[in-house]
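Report on the structure
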Amino acid sequence: MTECVLTQERALSDYTSIVGEEAIQELRQLAKPLCGARVLHLNATAAGGGVAELLTALVPLMCDLGLNAEWRILQGADEFYKVTKAMHNGLQGMPLQLKPDMKETWLKYSSLNADLLGHNGIYDFVVVHDPQPAGVLWLLRQRNGHRNPGIWIWRCHLDLSTPRPDAWEFLKPYVGVYDAAIFSKRDYFQKDFQGPRCFEVPPGMDPLSTKNRLLDDEEVRSILLRYGIDPGRPFICKVSRFDPWKDFQGVIDIYDLLRREFPEVQLVLVGGGAGDDPEAWSCYQRTVAYAQGKGDIHILWGQSGVSSPELNAFQQAASVVVQKSIREGFGLVVAEALWKSRPVVASDVGGIALQISHRKTGYLVRSVNEWVEAITYLLQNSEASARLGRAGRDLVQERFLITRYLRDYLKIFRTLSGRVQR
Ligand code: UDP
């Protein structure tokens, strides 16, 4: 059996005060014909990164609506995760070659996991997240000689705006056998991807998680002090997995330029790894080495990510939150910071651009000059920062909450099972 991830119960009714009774009733109505449906979410890790974050809320909320939802993770090992990270990098456009032995390794673990999954019985809906487990459906079909029962959905969280052709060509036949595919942004649909029905669904953040609930000032202050951050001085904050795509070194370069004008400003870099990411620790070490002698920089590491109350406090108290990414499927951290009414300056890439409307809900920037100008402006203009923060929170309220994400899944399940919305 694949390993089942236990999640804490969540009650949809708790969200009424945030989204209103009507939105909750709509979810209940949508879920009615799906009551009792067996749903499996399959991914590579139970901790670290946006997918685990989303499933932590989504799975128990589906259960609260009467679906029989479970979350399982693949069985893997270092050799497998090295390959899947290379696939991830290639799909996001990094020039590298997937060698035949790497493909073999991926197929070997896909086959093992297909066997394990075969013991779990039949599901009505199987949602397979990202490329790591994507091969299981094809291998089940090979083994059984027929199409596996249930509706199979490939949910891709990556930034597929510029995939390397060889990485996409390798994956395409395996994901081409799904009934449907969900991408965070329409731009990620691949022109040559035929077969599965494609849906555009950006993720949504959970306003009730420990990471996102409003903390009182005293709690925030005591967390900052505990980590050596001076609450009396401004700080710029970035939260991410330590991953080359998240460009920590680029953030340090910008801070290095800013501190000439703002010597009192601190930089707080918060992050960690994920169960399936073999690059995180070395990326963290490179970041620490790069930061040496470059000012008041605090780098905080947690094996599966820095834990929630701390992360919450850093985001809540930051003068400016930055998200400098080279590629970004969606960037749940941006939604989390906007929800906390923080002014956000972020790279104009991937899913970040869905969340930031330039100068309205944050700043979308490209060049180093634009980075420095935007942060300088916000450090000097508290009113503008507050205005952006309010608009950012309103945007998340309207479009990027977990309840909207849940609604989109329910609609897709109904559409695919023929029980189309009336
Ligand atoms: N996160 C965390 N601790 C960390 C770093 C990140 O809990 O030290 C969380 C973050 O709050 C967010 C998720 O991990 O919920 C990252 O999701 P995102 O979509 O931004 O990026 P991904 O890691 O999926 O590329």
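Residues numbered from 1 in each chain as written. Predicted model: local features only at pLDDT ≥ 70, side-chain atom pairs only at ≥ 80, totals over all residues.

Digging into the domain arrangement of the chain
As assigned here, the chain comprises domain 1 (3-204 + 401-417) and domain 2 (217-399). Summarising the inter-unit geometry, the C-alpha centres of domain 1 and domain 2 are found 28 Å apart. Across the contact, 27 residues belong to domain 1 and 23 residues belong to domain 2. Put simply, the parts of the chain that give the side of domain 1 that touches domain 2 at least two residues each are helix H3 (50-64) and helix H4 (78-91). Counted by class, the side of domain 1 that touches domain 2 contains eight nonpolar, twelve polar and seven charged residues. (Domains from an automatic or database assignment. Contact = placed C-beta atoms within 7 Å. Helix = DSSP H or I, 4+ residues; strand = E, 2+ residues; numbered from the N terminus. Nonpolar A, V, L, I, M, F, W, Y, C, P; charged D, E, K, R; others polar.)

A look at unusual backbone geometry
Look at Asp 130: it is not a glycine, yet its phi comes out positive at around 70°. One can find Asp 130 in the loop between strand S4 (125-129) and helix H6 (136-144). Not every positive phi belongs to a glycine, and Arg 359 is a case in point at roughly 70°. Along the polypeptide, Arg 359 turns up in the loop between helix H13 (352-355) and strand S13 (363-365). A residue is classified by how many C-beta atoms lie within 10 Å of it, and Arg 359, with 14 of them, is partly exposed. (Buried ≥ 20, exposed ≤ 12 C-beta atoms within 10 Å, placed from the backbone.)

Side note on the sheet that holds strand S6 (residues 180-183)
Taken in spatial order, the seven strands make up an open sheet running S1-S3-S2-S4-S5-S6-S7, and their pairing is mixed. In the strand order of this sheet, the two ends are held by strand S1 (3-4) and strand S7 (197-200), each with one partner. With four bridges connecting them, strand S2 (residues 38-43) and S4 associate as parallel partners. Across the sheet, residue Val 39 finds its bridge partner in S4, namely Phe 125. Packing against the sheet, H3 makes contact with S2, strand S3 (68-73) and S4, and its axis sits at approximately 155° to S3. (Pairing = 2+ DSSP bridges. Axes fitted to C-alpha atoms, helices over the stretch in contact; angles between N-to-C directions.)

Re the site of the ligand
Neighbouring the ligand are 19 residues, the closest being Gly 49, Gly 50, Gly 305, Val 306 and Leu 332. Those elements giving two or more residues to the shell around the ligand turn out to be H3, strand S8 (235-241), strand S9 (266-272) and helix H12 (332-339). Counting residues domain by domain, the shell around the ligand receives three or more from each of domain 1 (3-204 + 401-417) and domain 2 (217-399). (Near = placed C-beta within 6 Å.)

Some words on the sheet that holds strand S12 (residues 344-347)
Pairing in this open sheet of six strands is parallel, and the strands run S10-S9-S8-S11-S12-S13 from one edge to the other. At either margin of the open sheet sits one strand with a lone partner, and together these are strand S10 (297-302) and S13. Across the sheet, the mean angle separating the axes of adjacent strands is 20° when strand polarity is ignored.

Observations concerning the pairing of strand S5 (residues 151-156)
Where burial is concerned, most of S5 is hidden: five out of the six residues are buried. Note: S4 against S5, five bridges, orientation parallel. Bridge pairing in S5 links Phe 125 to Ile 151. Of the crossover connections in this fold, the one passing from S4 over H6 to the parallel S5 is right-handed. Bridge count for S5 against S6 is four bridges, and the pairing is parallel. For Arg 155, the partnering residue across the bridge sits in S6 and is Ile 182. Between S5 and its parallel partner S6, the chain crosses via helix H7 (residues 165-175), and the hand of that crossover is right-handed. (Right-handed = clockwise from strand over helix to strand, strands pointing away.)

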